[in-house]
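Chain by chain, the residues:
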Protein chains: 2
Amino acid sequence: MKEKNTEAKILEAAKAVFIEKGKDGAKMQAIADKAKINKALLHYYFRSKDKLFNVVIEETMFHFLPKVEETFLSDDNFFDKIRKVVSDYISLLSENPFIPAFMLHEINRNPDGLFNVMMKSGIRIDLIFTTIQKELQNNTINIVSPQHFFINLLSLCIFPIAARPLMQRAMFFNDQKAYDDFIEERKTQTAEFILKAIKVS
Amino acid sequence: MKEKNTEAKILEAAKAVFIEKGKDGAKMQAIADKAKINKALLHYYFRSKDKLFNVVIEETMFHFLPKVEETFLSDDNFFDKIRKVVSDYISLLSENPFIPAFMLHEINRNPDGLFNVMMKSGIRIDLIFTTIQKELQNNTINIVSPQHFFINLLSLCIFPIAARPLMQRAMFFNDQKAYDDFIEERKTQTAEFILKAIKVS
DNA sequence: GTCTATATCGGGATAGAC
DNA sequence: GTCTATCCCGATATAGAC
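Remember, it's a predicted structure, so these values are computed and weren't measured experimentally. (Residues numbered from 1 in each chain as written. Chains lettered and ligands numbered in written order. Predicted model: local features only at pLDDT ≥ 70, side-chain atom pairs only at ≥ 80, totals over all residues. Heavy atoms only, no water.)

## Quick word on the protein's contact with DNA strand D
Taken together, the neighbourhood of DNA strand D is formed by 16 residues, with Thr6(A), Asn38(A), Tyr45(A), Lys39(B) and Lys49(B) sitting nearest. The contact atoms of DNA strand D, taken as those within 4 Å of the protein, divide so that sugar and phosphate hold 61%. Asn38(A) is positioned such that a nitrogen or oxygen atom in its side chain is 3.0 Å from a phosphate oxygen of DNA strand D. For the surface near DNA strand D, the secondary-structure elements that each account for two or more residues are α3 (39-46) of chain A together with α3 (39-46) of chain B. Per-element accounting of the surface near DNA strand D gives the leading share, four residues, to α3(A). Looking at the surface near DNA strand D, its residues break down into eight nonpolar, four polar and four charged. (Near = heavy atom within 4 Å. Polar contact = N/O pair within 3.5 Å; in protein donor to acceptor, adjacent residues only side chain to side chain. Helix = DSSP H or I, 4+ residues; strand = E, 2+ residues; numbered from the N terminus. Nonpolar A, V, L, I, M, F, W, Y, C, P; charged D, E, K, R; others polar.)

## Some details on the protein's contact with DNA strand C
Among the 16 residues in the neighbourhood of DNA strand C, the closest are listed as Lys27(A), Lys49(A), Thr6(B), Asn38(B) and Tyr45(B). Counting only atoms of DNA strand C within 4 Å of the protein, the sugar-phosphate share comes to 63%. Note that a phosphate oxygen of DNA strand C is positioned 3.2 Å from one of the side-chain N or O atoms of His43(A). Here a phosphate oxygen of DNA strand C and a side-chain polar atom of Thr6(B) are 2.8 Å apart. Elements that contribute at least two residues to the surface near DNA strand C include exactly α2 (28-35) and α3 of chain A together with α3 of chain B. Tallying contributions element by element places α3(B) first for the surface near DNA strand C, with four residues. Classifying every residue of the surface near DNA strand C gives eight nonpolar, five polar and three charged.

## What about the nonpolar core?
In terms of nonpolar packing, the biggest core is built from 152 residues, with Ile198(A) and Ile198(B) touching the most fellow members. With near-sequence residues (within four places) excluded, Ile198(B) lies in contact with Phe193(A), Lys196(A), Phe78(B), Phe79(B), Ile82(B), Ile141(B), Asn142(B), Ile143(B) and Phe149(B). (Core = buried A, V, L, I, M, F, W, Y, C linked by side-chain atoms within 4.5 Å. Buried < 20%, exposed > 50% of the residue type's maximum accessible area, 1.4 Å probe, protein only. Contact = heavy atoms within 4.5 Å.)

## Some thoughts on the domain arrangement of chain A
Accessible area lost during the coming together of the parts is what is often quoted as the interface size. All names here are of chain A. As assigned here, chain A comprises domain 1 (1-47) and domain 2 (61-198). Between domain 1 and domain 2, the C-alpha centre-to-centre distance is 29 Å. The interface of domain 1 with domain 2 comprises six residues on the first partner and four residues on the second. Of the roughly 510 Å² buried between domain 1 and domain 2 on both sides combined, carbon and sulfur atoms contribute 71%. (Domains from an automatic or database assignment. Buried area = accessible area lost by both parts, 1.4 Å probe.)

## Some remarks on the relation of the copies chain B and chain A
Applying a rotation about an axis and a shift along it to one chain copy brings it onto the other copy. The transformation that overlays chain B on chain A combines an axial shift of 0.0 Å with a rotation of 180°, and the residual RMSD is 0.1 Å. On the angle and the small slide along the axis, the relation comes out as a two-fold axis. Closest approach to the rotation axis among the C-alpha atoms of chain B is made by Ala197(B), whose C-alpha sits 2.1 Å away. Of all interface residues in chain B, 100% are interface residues in chain A too; the two copies therefore contact each other through one and the same surface. (Least-squares fit on C-alpha atoms with pLDDT ≥ 70 in both.)

## Considering the interface of chain B and chain A
With 50 residues of chain B in contact, the opposing surface of chain A contributes 50 residues. Carbon and sulfur atoms supply 73% of the area that chain B and chain A bury against each other, a total of about 4900 Å² over both sides. The three residues of chain B that bury the most area against chain A are Phe159(B), Phe193(B) and Lys196(B), which together make up 14% of that side's buried surface. Residue Asp112(B) is joined to Arg169(A) by a salt bridge in which the shortest nitrogen-to-oxygen separation is 3.0 Å. Linking chain B with chain A are 14 residue pairs in polar contact (both at pLDDT 80 or more). (Salt bridge = Lys/Arg side-chain N within 4 Å of Asp/Glu carboxyl O.)

## Comments concerning the side chain of Thr131(B)
Residue and element names in this part refer to chain B. In this fold, Thr131 is placed in helix α8 (residues 125-137). On the basis of relative accessible area, Thr131 is assigned to the buried category, the value being 14%. Looking at Thr131, its side chain comes within polar contact range of the main-chain oxygen of Leu127, at 2.9 Å. The contact partners of Thr131, leaving out residues within four places of it in the chain, are Phe72, Leu73 and Lys81.

## Topic: the packing of helix α6 (residues 99-109) of chain B against helix α9 (residues 146-162) of chain B
Geometry of a packed helix pair, given as the angle between the helix axes and the separation of the axes. Residues and elements named next belong to chain B. Following both chains from N to C, one finds α6 and α9 inclined at 100°, their axes separated by 7 Å at the closest point. In terms of axis orientation, α6 runs roughly perpendicular to α9. Residues Pro100, Ala101 and Leu104 of α6 touch α9, and the partners they reach there are Ile158, Ile161 and Ala162. Residues of the contact of α6 with α9, tallied by class, amount to six nonpolar, no polar and no charged. (Axes fitted to C-alpha atoms, helices over the stretch in contact; angles between N-to-C directions. Parallel < 35°, antiparallel > 145°, perpendicular 65-115°, else oblique.)

## Comments concerning helix α7 (residues 111-120) of chain B
Every buried residue of α7(B) is accounted for by Pro111(B), Leu114(B), Phe115(B), Val117(B) and Met118(B). Around the axis of α7(B), the buried residues are gathered within 160° of arc, so they sit on the same side. Looking at the packing, one finds that the buried side of α7(B) touches α10 (164-172) of chain A together with α4 (49-72) and α6 of chain B. Count one or two residues on from α7(B) and you reach Gly122(B), which has phi positive near 80°. (Arc of directions from axis to C-beta.)

## Observations concerning the packing of aromatic side chains
Residue and element names in this part refer to chain A. Evaluation of the coordinates by the stated rule reveals 21 aromatic pairs over all chains. Relative to Phe150, the ring of Phe72 lies with its centre 6.2 Å away and its plane at 65°, an arrangement referred to as edge-to-face. Here the residue Phe72 occupies a position in helix α4 (residues 49-72), and Phe150 occupies one in helix α9 (residues 146-162), the gap between them amounting to 78 residues. Judged by relative accessible area, Phe72 falls into the buried class, the value being 1%. Relative accessible area serves as the criterion here: at 5%, Phe150 is assigned to the buried category. Here the aromatic cluster, defined as three or more aromatic residues joined through ring pairs, consists of Phe18, Phe53 and Phe102. Over the aromatic face of Phe79 sits the side chain of Lys199, whose NZ or CZ is 5.2 Å from the ring centroid. (Phe/Tyr/Trp six-rings, centres within 6.5 Å; stacked < 30°, edge-to-face > 60°. Lys NZ or Arg CZ within 6 Å of the ring centre and 35° of its normal.)

Have a look at this one:
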């Protein structure tokens, strides 16, 4: 049993509710219920819904953004790095299935705010591009540009989780396990798909 | 000047506001303002926000869903079909940039409702899979399954538009034209990426 | 059909007791 | 720090005049 301090309980509940419902759809009452405390306590700890939401956004970005970068900047050979980053990222997202659609919604709802948080996280997307550019110059891969390559990789990892509720119904008769298996396959197959597309021929 | 009937004006305004703000973020007042009519008229024509939103969802799905199917079921050779479907779909989405994130949000907010609407649209995703399966059996392509292939294609078309506001800032210093050009390149490059990945080697 | 005015309600925020 | 009770505003919805 975790009788943690109230602030942590609130934050945990707020993350769950905001990420599932979006900022506008989330109700302070629902957060209070989930945290098993009173609504007034939310305001005691975080002043306002806006402030609470901002904390959630920051923690969420700080949690999910750096994962890609750290794998990309490791010392493995490039192809193994792709295999690892794809597998790790799909794993991370499938354990947090509401994150992708939540973030995409937020990206469109408040792009400047989100970009500012991203900057504060210290992620260096330019370093990722440099790494890719180096491979390109060594002629080990055949791609149009680091930007195209990078967004292709993100697309293939993120979209299948973001669209899961519809895809599971449309492609697998809403069979939960079938889609779980599908995602499991993608942890390896996605990287192979990418590698085949970028190998020099 | 289009002095169309009021119902059409409302629907047009409602589409714009709902798709940009999401169901929860949209305000009836904003819709009325955009339609240049009074708030009460919204209820006169559509009874409630829920009802109005449902109409918007249906019209939106009926507009965007069939495009993929019709290209896929044409008589072109498979590789040309991919080139065409990718180019057409990216074009359609980039002209309606809020649609992808809106739909992904809605997919997670109300999956059953959305799936029911999708069923009503009469789209036959199974026919698409059959088409792909046939190519697979003819050994003209090398893929894991029609499902993986199809979701890969959707991912590569949809995600770069859905995540545009952040990607434009992170990758192109928020240069609007640079990202427009990027999307323009993707209309051809995405198909070539896919084709290289699936061609038998 | 279209408007103004108003009723009603839900939800964010605060006051104040303990 | 935590609660109950309440305030207050914004947003949906309705009434009723024209």
